[in-house]
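# Structural characterization, general
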Amino acid sequence: TFVICVGGGQVRVLTFAFVGAPVTGDRPDRKRTPFSIRLATDDLVPCLRRQSRESRAAKLRYAAHVVDPAVQTTLDMIVVLEEELFAAN
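Below you will find a few notes about this structure. (Residues numbered from 1 in each chain as written. Predicted model: local features only at pLDDT ≥ 70, side-chain atom pairs only at ≥ 80, totals over all residues. Heavy atoms only, no water.)

Another point: the nonpolar core. Counting residues in hydrophobic clusters, the biggest one holds 9 residues: L14, F16, F18, A40, V67, V71, M77, I78 and L81. Looking at this core, the elements that each hand over two or more residues are β2 (10-19) and α2 (74-80). The element contributing the most residues to this core is β2, with 3 residues. Once residues lying within four places of it in the same chain are set aside, the contact partners of L14 are T1, F2, V3, C5, L39, A40 and L85. (Core = buried A, V, L, I, M, F, W, Y, C linked by side-chain atoms within 4.5 Å. Buried < 20%, exposed > 50% of the residue type's maximum accessible area, 1.4 Å probe, protein only. Helix = DSSP H or I, 4+ residues; strand = E, 2+ residues; numbered from the N terminus. Contact = heavy atoms within 4.5 Å.)

Now the structure itself:
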């Protein structure tokens, strides 16, 4: 699942996924693991303003977490992190 965050003159892309094993869940949209990963780009606006294609690269940051058992979907992950995401610069 990915989210495009726009605000404060910035554009960032966040990607959320369950990773690792064991996989549990009875349906494809309910498959989960005890671990998640969050990938986040730096602000993409300055990349678009650069003249050369080579200098348009953006850095990607990642964080891996143990998932709370109540989190069943990637949307649940986003909801749990909602305050943190809105407070981030």
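So much for the structure itself; the text now carries on.
Moving on to unusual backbone geometry. Here A21 and P22 are connected by a cis peptide whose omega angle stands at 5°. As for its position among the elements, P22 is in the loop between β2 and β3 (35-41).

Relative to the helices and strands, T41 is located in strand β3. In terms of polar contacts, T41 uses its side chain to reach the backbone amide nitrogen of V13, at 3.0 Å. Once residues lying within four places of it in the same chain are set aside, the contact partners of T41 are R12, V13, K59 and L60. (Polar contact = N/O pair within 3.5 Å; in protein donor to acceptor, adjacent residues only side chain to side chain.)

In short, the description is geometric, and any link to function would need to be established separately.
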